[in-house]
Amino acid sequence: MAAFDWFKRKAKNITTSTDEKKDVPKGLWHQTPSGKVVEHEELKRNNYVSPEDGFHVRIGSAEFFDILFDEGKFTELDANVESIDILNFKDTKPYADRLKEVKAKTKLTDSIRNAVGTVKGTEMVVSCMDFAFIGGSLGSVMGEKIRRAVDYCIQHKLPYMIICQSGGARMQEATYSLMQLAKVQAKLAQLSEAGLLYIAYLCDPTFGGITASFAMTADIIMAEPGALIGFAGPRVIRETIGRDLPEGFQTSEFLQEKGFVDFIVKRTEIQDTVAKTVNLLAVRA
């Protein structure tokens, strides 16, 4: 055998077919802001809270409903209500095109979903925002779906919960979006007059008109650990008042200290905490 014959190929080129190549599945690992790396299935088993550092990974309505409702079973309400381009609005692209793209990408019809089911055996209605749908923004559909959820609660004498995660009002709907603040508050007043409980659970982020209205007017206000909650962002506030902000400003812990939040509730404990709160405070018909 000639020297170095073992370096010579007997068959030319790579013969593994494309179908046989194994790629690492996307989303198998998740890295938290502190640099901790968590296996996705372990994260899912822990309600998308990193067991390494307690970081709450942002999730949507599908995951929240699975966490809250018994055995993940629920009935979705008003699923056919969806956003349209009321004003023929155009910014960097037509609003109609933006809606078409985000609906195809998220498989959602708007930034909030309504569901009814049992939480530890107690029936209730939960509305959950999806940040993936235009930043969980408040538009005419969100206001309308909350209105319908409240009416359902009043009709069936059920407690109500809103899971908030939003950047604020949707600019593409202009005044239509801002008018939802008054609309929702009027409906929540009717819910209160009916003696029914309203719980708000504030996630990261909860900002703008959501914070300026129904996120902060619940009977019980809960928040995830470390969630950013406010009206305007810290940069805007800093530039407006011309001074540095306190450490931890606008976190859920800071707001609890100032009396704006009742409880900090880990997502791993949210089902038990909501069930206990409802059983203690809900008025029996």
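Residues numbered from 1 in each chain as written. Predicted model: local features only at pLDDT ≥ 70, side-chain atom pairs only at ≥ 80, totals over all residues. Heavy atoms only, no water.

In the nomenclature of an unreviewed UniProt entry, the chain is known as Acetyl-coenzyme A carboxylase carboxyl transferase subunit beta of Chryseobacterium geocarposphaerae. Under the UniProt heading Subunit (unreviewed entry), the note attached to the chain is "Acetyl-CoA carboxylase is a heterohexamer composed of biotin carboxyl carrier protein (AccB), biotin carboxylase (AccC) and two subunits each of ACCase subunit alpha (AccA) and ACCase subunit beta (AccD)." Turning to the chain, the UniProt record has this under Sequence similarities (unreviewed entry): "Belongs to the AccD/PCCB family." (UniProt positions renumbered as here; feature names shortened; annotations may be inferred.)

Participant: Before we move on, can you summarise the packing of aromatic side chains with the specific residues and values?
Facilitator: Two measures describe an aromatic ring pair: the distance that separates the ring centres and the angle between the ring planes. Summed over all chains, the structure comprises six aromatic pairs. Centroid distance F64 to Y201: 6.3 Å. Interplanar angle 90 degrees. Geometry classified as edge-to-face. Taken as a pair, F64 in helix α2 (residues 61–68) and Y201 in strand β7 (residues 198–206) lie far apart in primary sequence, 137 residues in all. The exposure class assigned to F64 is buried, which follows from its relative accessible area of 1%. An aromatic cluster is built from F65, F69 and F74, whose rings are joined through pairwise contacts. (Phe/Tyr/Trp six-rings, centres within 6.5 Å; stacked < 30°, edge-to-face > 60°. Helix = DSSP H or I, 4+ residues; strand = E, 2+ residues; numbered from the N terminus. Buried < 20%, exposed > 50% of the residue type's maximum accessible area, 1.4 Å probe, protein only.)

Participant: Lay out the environment of F133 with the relevant residues and their values.
Facilitator: Positionally, F133 belongs in the loop between β5 (122–129) and α4 (140–156). A C-alpha to C-alpha distance of 8.5 Å links F133 and I112, two positions 21 residues apart in sequence. In this structure, F133 is in contact with L99, V102, K103, T106, L108, T109, D110, S111 and R170, ignoring residues within four places of it in sequence. (Contact = heavy atoms within 4.5 Å.)

Participant: Can you tell me about the sheet that holds β5, naming the residues and giving the values?
Facilitator: Each strand in a sheet pairs with its neighbour through backbone hydrogen bonds, running either in the same direction (parallel) or in the opposite one (antiparallel). An order of β3-β4-β5-β6-β7-β8-β9 is seen for the seven strands of this open sheet, with the pairing classed as mixed. The strands lining the two open edges of the sheet, one partner per strand, are β3 (75–77) and β9 (263–264). Note: β5 against strand β6 (residues 160–166), four bridges, orientation parallel. Bridge pairing in β6 places V125 opposite Y160. (Pairing = 2+ DSSP bridges.)

Participant: Break down the side chain of T251 for me, with residues and values.
Facilitator: Among the secondary structure elements, T251 is positioned in the loop between α6 (234–241) and α7 (252–257). If we ignore the near neighbours within four places in the chain, the residues touching T251 are A227 and L228.

Participant: Could you give an account of the packing of α4 against helix α5 (residues 174–193), with specific residues and numbers?
Facilitator: Contact pair α4 / α5: the axes reach a minimum separation of 9 Å and the direction vectors enclose 5 degrees. With respect to their mutual orientation, α4 and α5 come out roughly parallel. Mapping the contact onto sequence places S140, G143, E144, I146, R147, V150, D151, C153 and I154 in α4 and Q180, K183, V184, K187, L188, Q190 and L191 in α5. Of the residues assigned to the contact of α4 with α5, the class counts are seven nonpolar, four polar and five charged. (Axes fitted to C-alpha atoms, helices over the stretch in contact; angles between N-to-C directions. Parallel < 35°, antiparallel > 145°, perpendicular 65-115°, else oblique. Nonpolar A, V, L, I, M, F, W, Y, C, P; charged D, E, K, R; others polar.)

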